[in-house]
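Fold and geometry: a report
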Amino acid sequence: MARQVFTVFETDAWHSTAKKEFKGVFTSRTAAVNAIVKNHAIDDHEFFESIHEMIPLTKRQREAEIKRRLRKDFEDSDQTQGYSVNYEIESWNLNEWD
């Protein structure tokens with residue numbers, strides 16, 4: 001029986017393999033996305049087009065919007081794109097040998 005695990009890597013803006021840093025292994029894609037959303041190292045300012053877009057939001061509203069945008073990034077892809085720090089999720093199939 002094969003099991004699937006999801007590994008998370010942090011990388012630079014160009015998804016360079018030389019800058020790829022292992023961040024964790026998860027048993028579900030949802031858990032991997034949740035960990036990225038909770039622990040990301042992306043500067044908050046990168047989520048907003050201008051500082052004026054941020055100012056009317058409270059800290060809690062900004063955090064919620066950032067989490068929403070990160071989750072949206074992972075709806076169609078296994079990586080973030082366009083930030084100075086990016087994340088990739090790789091799925092690995094593990095085969096159990098008897």
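For the structure, check the block above.
Residues numbered from 1 in each chain as written. Predicted model: local features only at pLDDT ≥ 70, side-chain atom pairs only at ≥ 80, totals over all residues. Heavy atoms only, no water.

What follows covers the nonpolar core. It is characteristic of soluble globular proteins that their nonpolar side chains tend to be buried jointly. Core analysis: the largest hydrophobic core is formed by 17 residues, its most contacted members being I42, F47, Y87 and I89. Residue assignment for this core shows that the elements contributing at least two residues are strand 1 (2–12), helix 1 (29–39), helix 3 (59–76) and strand 3 (85–95). For this core, the element with the most residues is helix 1, which contributes four residues. Setting aside chain neighbours within four positions, we find I42 in contact with F47, L70, Y83, V85 and Y87. (Core = buried A, V, L, I, M, F, W, Y, C linked by side-chain atoms within 4.5 Å. Buried < 20%, exposed > 50% of the residue type's maximum accessible area, 1.4 Å probe, protein only. Helix = DSSP H or I, 4+ residues; strand = E, 2+ residues; numbered from the N terminus. Contact = heavy atoms within 4.5 Å.)

Further remarks concern the packing of aromatic side chains. In this description, an aromatic ring pair is defined by two values, namely the gap between the centres and the angle between the planes. Applying the stated rule across the entire model yields two aromatic pairs. For the pair F9 and F22, a centre-to-centre distance of 5.9 Å together with 70° between the ring planes defines the contact as edge-to-face. Taken together, the residues span a long stretch of sequence, with F9 in strand 1 and F22 in strand 2 (residues 21–26) at a distance of 13 residues. Ring geometry for F47 against Y83: centres 5.0 Å apart, planes inclined by 45°, an arrangement best described as tilted. Within this pair, whereas F47 is found in the loop between helix 1 and helix 2 (51–54), its partner Y83 is found in the loop between helix 3 and strand 3, the two being separated by 36 residues in sequence. Residue Y83 is classed as buried on the basis of its relative accessible area of 10%. (Phe/Tyr/Trp six-rings, centres within 6.5 Å; stacked < 30°, edge-to-face > 60°.)

According to the stated counting rule, one finds eight salt bridges in the structure shown. As a salt-bridge pair, K59 and E63 come within 3.6 Å of each other at their nearest N and O atoms. Of the two residues, K59 and E63 both sit in helix 3, four residues apart, roughly one turn of that helix. Residue R68 is joined to E65 by a salt bridge in which the shortest nitrogen-to-oxygen separation is 2.7 Å. (Salt bridge = Lys/Arg side-chain N within 4 Å of Asp/Glu carboxyl O.)

With that settled, consider the packing of helix 1 against helix 3. At a minimum axis separation of 10 Å, helix 1 and helix 3 run at an interaxial angle of 145°. Every pair of crossing elements has a handedness; the one defined by helix 1 and helix 3 is right-handed. Touching R29, V33, N34, I36 and V37 of helix 1 are K67, L70, R71 and F74, all from helix 3. Of the residues contributing to the contact of helix 1 with helix 3, the split by class is five nonpolar, one polar and three charged. (Axes fitted to C-alpha atoms, helices over the stretch in contact; angles between N-to-C directions. Left-handed = near helix turned anticlockwise from the far one by under 90°. Nonpolar A, V, L, I, M, F, W, Y, C, P; charged D, E, K, R; others polar.)

The next thing to look at is the environment of R68. Counting through the fold element by element, R68 comes out in helix 3. In sequence terms R68 and E21 are 47 residues apart; their C-alpha atoms lie 24 Å from each other. Polar side-chain contacts of R68 include one of 2.7 Å to the side chain of E65. (Polar contact = N/O pair within 3.5 Å; in protein donor to acceptor, adjacent residues only side chain to side chain.)

Function cannot be read off these values alone, since they describe shape.
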